[in-house]
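# Structure assessment
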Amino acid sequence: MQLLDEGGLRALTIRAVAQRLGVAAASLYSRVSSVDDLYDLALDYALSTDQGLQRAIEGAGLHQLMMAFYRHLVAHPWACQVIAMRAPRGPNYLRLSERMCVLLADQGAADPLGAAYTLSNFVIGSATTTPMARNERTAPIDADIAPEYAALHAEHEVEAASLVSNGLKALLG
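Attention in this report is confined to the structure presented alongside it. None of the values given here were measured: they were computed from a predicted structure.

Moving on: the pattern of salt bridges. Opposite charge on two side chains makes pairing possible when the charged atoms of those side chains draw close. In this structure the tally under the stated criterion is three salt bridges. When the shortest N-O distance is used, the salt bridge between Arg86 and Asp36 registers 3.5 Å. Within this pair, whereas Arg86 is found in the loop between helix 7 (77–85) and helix 8 (91–106), its partner Asp36 is found in helix 4 (residues 35–49), the two being separated by 50 residues in sequence. Of the residues examined, Arg86 reaches a relative accessible area of 24% and is grouped as partly exposed. Residue Asp36 is classed as partly exposed on the basis of its relative accessible area of 31%. Taking the shortest distance from any N to any O, the salt bridge between Arg86 and Asp40 comes out at 2.7 Å. With Arg86 in the loop between helix 7 and helix 8 and Asp40 in helix 4, this pair connects stretches of sequence that are 46 residues apart.

Now the structure itself:
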């Protein structure tokens, strides 16, 4: 997790982990088959150490749970990339998925799993684009091409977490 937080996906290699642990790279292969296994372990470990998200899994409502997941992903941007490559199946991600499905079923969702996928994809996409939101205010808009958008853009205050919260409210009804 630390290697990924420090340098992104390219920083995580068997050799880099072995060096960080002070062991030979060959000895890691007795525990993991590839760097993909390391991604899975890092993804689940990062989730397990996020106390805010763990508290949300244990008892928050759906909106609070999804916002905690969003904050988690923003803190670990590489996690969005890993999730895009492979579905997380570690025990902590399974607990998160279970909590989402239970909350959605309790709310009467006709398809709790489909709704959980929709909410997760919204949050993952939002976390992925959060760094761009900081630049949105200064990005020039050609009013000749998009007059309505340019006018709205000039008046709109872009704050990523608020946009995510409002989007969740709209999705949850």
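This is not the end of the story, as more comes after the structure.
All right, on to the packing of helix 6 (residues 62–75) against helix 7 then. As a packed pair, helix 6 and helix 7 sit with axes 4 Å apart at the nearest point and diverge in direction by 100 degrees. Relative to helix 7, the element helix 6 lies roughly perpendicular. Side by side, helix 6 and helix 7 meet where Phe69, Leu73, Val74 and Ala75 of the first sit next to Pro77, Ala79, Cys80 and Ile83 of the second. Looking at the contact of helix 6 with helix 7 residue by residue, the class counts come to eight nonpolar, no polar and no charged.

Contact geometry for helix 5 (residues 51–59) and helix 8: axes closest at 9 Å, N-to-C directions at 45 degrees. Between helix 5 and helix 8, the crossing angle belongs to the class labelled oblique. When you trace helix 5 past helix 8, the crossing you get is left-handed. On helix 8, the residues that touch Leu53, Gln54, Ala56, Ile57 and Gly59 of helix 5 are Asn92, Arg95, Leu96 and Arg99. Partitioned by chemical class, the residues of the contact of helix 5 with helix 8 number four nonpolar, three polar and two charged.

What counts and what doesn't
Residues numbered from 1 in each chain as written. Predicted model: local features only at pLDDT ≥ 70, side-chain atom pairs only at ≥ 80, totals over all residues. Heavy atoms only, no water. Salt bridge = Lys/Arg side-chain N within 4 Å of Asp/Glu carboxyl O. Helix = DSSP H or I, 4+ residues; strand = E, 2+ residues; numbered from the N terminus. Buried < 20%, exposed > 50% of the residue type's maximum accessible area, 1.4 Å probe, protein only. Axes fitted to C-alpha atoms, helices over the stretch in contact; angles between N-to-C directions. Parallel < 35°, antiparallel > 145°, perpendicular 65-115°, else oblique. Contact = heavy atoms within 4.5 Å. Nonpolar A, V, L, I, M, F, W, Y, C, P; charged D, E, K, R; others polar. Left-handed = near helix turned anticlockwise from the far one by under 90°.

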